[in-house]
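Remarks on the overall topology
For reference, the chains in residue letters:
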Amino acid sequence: MSNTEQTLSIIKPDAVERNLDNEIKEMFKNKGFSIVKEKKIQIEKPEAEKFYKVHETKPFYNDLCAYLSSSPIVVMVLEKENAVLANRELMGATNPTEAEEGTIRKKYGISIDKNCVHGSDSVENAKIEIDFFFKD
Ligand code: CMP
């Protein structure tokens, strides 16, 4: 039975600054993802705080929000069978030093903060995150 899903992906400031967005998009396409929506934007810190609200009690919350709003990002809706899990597998572990070969974070990640990409962690959050950036 097919289970086509959509998930939200963000190419973070460190990757956009290094002009890695096209290479990262190719990695998604090569794994069978369709990029059904896409935009390059820069968000304000309050918007980043809203997006990452789930992390608001974490010690890294302020730096995380300052970072996401520091320069342009590329936000995308990715679609494929089991897209949420497939995207998390392709991204690799949050900390690039723990990410497996062949993953985006292993290939391009610099640190746990500058880890190139964000991806929704569940189907439920994917819907919320897609709405956050693409609800008109
Ligand atoms: P992301 O998938 O965008 O979700 C939250 C982000 O917080 C995460 O990627 C990391 O870049 C960042 N972060 C910073 N410090 C930590 C930490 N100690 N544990 C988890 N995530 C962290």
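I will try to describe carefully the structure that is included in this document. Nothing here was measured: the structure is a model prediction, and the numbers come from that model.

Scoring rules and cut-offs
Residues numbered from 1 in each chain as written. Predicted model: local features only at pLDDT ≥ 70, side-chain atom pairs only at ≥ 80, totals over all residues. Heavy atoms only, no water. Near = heavy atom within 4 Å. Polar contact = N/O pair within 3.5 Å; in protein donor to acceptor, adjacent residues only side chain to side chain. Areas by Shrake-Rupley, 256 points an atom, 1.4 Å probe, with all protein chains shown as cover. 1 Å grid on protein atoms, 1.4 Å probe; cavity = no way out; pocket = protein on both sides within 12 Å on 5 of 7 lines; lining within 4 Å. Sits in = over half its atoms within 2 Å of the grid points. Nonpolar A, V, L, I, M, F, W, Y, C, P; charged D, E, K, R; others polar. Phe/Tyr/Trp six-rings, centres within 6.5 Å; stacked < 30°, edge-to-face > 60°. Buried < 20%, exposed > 50% of the residue type's maximum accessible area, 1.4 Å probe, protein only. Pairing = 2+ DSSP bridges. Helix = DSSP H or I, 4+ residues; strand = E, 2+ residues; numbered from the N terminus. Axes fitted to C-alpha atoms, helices over the stretch in contact; angles between N-to-C directions. Contact = heavy atoms within 4.5 Å. Points joined across faces, edges and corners; volume = space filled by probe spheres on them. Arc of directions from axis to C-beta. Lys, Arg positive; Asp, Glu negative; His and termini not counted. Salt bridge = Lys/Arg side-chain N within 4 Å of Asp/Glu carboxyl O.

Neighbouring the ligand are K12, Y52, H55, F60, L64, T94, R105, I112, D113, N115 and H118. One of the side-chain N or O atoms of K12 is found 2.8 Å from an oxygen atom in the ligand. A distance of 2.6 Å separates an oxygen atom of the ligand from a polar backbone atom of I112. In isolation the ligand exposes 450 Å². Once the protein is present, 76% of that is buried. Here the ligand occupies the largest pocket. Its residues assigned to classes, the shell around the ligand comprises four nonpolar, four polar and three charged.

Attention now goes to the packing of aromatic side chains. The geometry of an aromatic ring pair comes down to the distance between the two centres and the angle between the two planes. A full pass over the atoms with the stated rule returns five aromatic pairs. When the ring of F132 is compared with that of F133, the centres are 4.9 Å apart and the planes differ by 75 degrees; the resulting orientation is edge-to-face. A residue is classified by how much of its surface remains accessible, and F132, at 27% relative accessible area, is partly exposed. Among the aromatic side chains, those forming a connected cluster through ring pairs are F51, Y52, F132 and F133.

Turning to the sheet that holds strand β4 (residues 117-119), a few remarks are in order. Across the sheet, which stays open at both edges, the four strands sit in the order β2-β3-β1-β4 with antiparallel pairing between neighbours. Bordering the open sheet on either side are β2 (34-41) and β4, each of which pairs with just one other strand. On average, each strand axis in the sheet is inclined to that of its neighbour by 20 degrees, with strand direction left out of account. Examined bridge by bridge, strand β1 (residues 4-11) and strand β3 (residues 73-81) share eight bridges and lie antiparallel to one another. Bridge pairing in β3 links I11 to V74. Lying on the sheet, helix α7 (residues 123-134) is in contact with β1, β2, β3 and β4; it crosses β1 at an angle near 55 degrees.

Here the largest pocket defines a volume of roughly 620 Å³. Lining the largest pocket are 25 residues, with Y52, V54, H55, L64 and H118 positioned closest to its centre. Looking at the lining of the largest pocket, the elements that each hand over two or more residues are α3 (45-51), α5 (83-91), β4 and α7. It is α7 that contributes the most residues to the lining of the largest pocket, four residues altogether.

The subject of this paragraph is helix α2 (residues 21-30). When we look at burial in α2, the residues that qualify are D21, I24, K25, M27 and F28. Taken around the axis of α2, the buried residues stretch over an arc of 155 degrees, which confines them to a single face. Of the residues in α2, the exposed ones pointing more than 90 degrees away from the buried face are N22 and N30. Note on α2: the residue one or two positions beyond its end, G32, has a positive phi of about 95 degrees.

On to helix α4 (residues 61-68). Of the positions making up α4, those classed as buried are Y61, L64, C65, Y67 and L68. Each buried residue of α4 sits inside an arc of 160 degrees when the element is viewed along its axis, so together they form one side.

Turning our attention to the side chain of K12. Turning to its location among the elements, K12 is positioned in the loop between β1 and α1 (13-17). Among buried charged residues, K12 stands out as having no salt bridge; its nearest opposite-charge side chain is D14, 6.4 Å away. K12 has contacts with Y52, Y67, L68, I73, D113, N115, C116, V117 and H118, leaving out every residue within four places of it along the chain.

These values are about where atoms sit, not about what they do.
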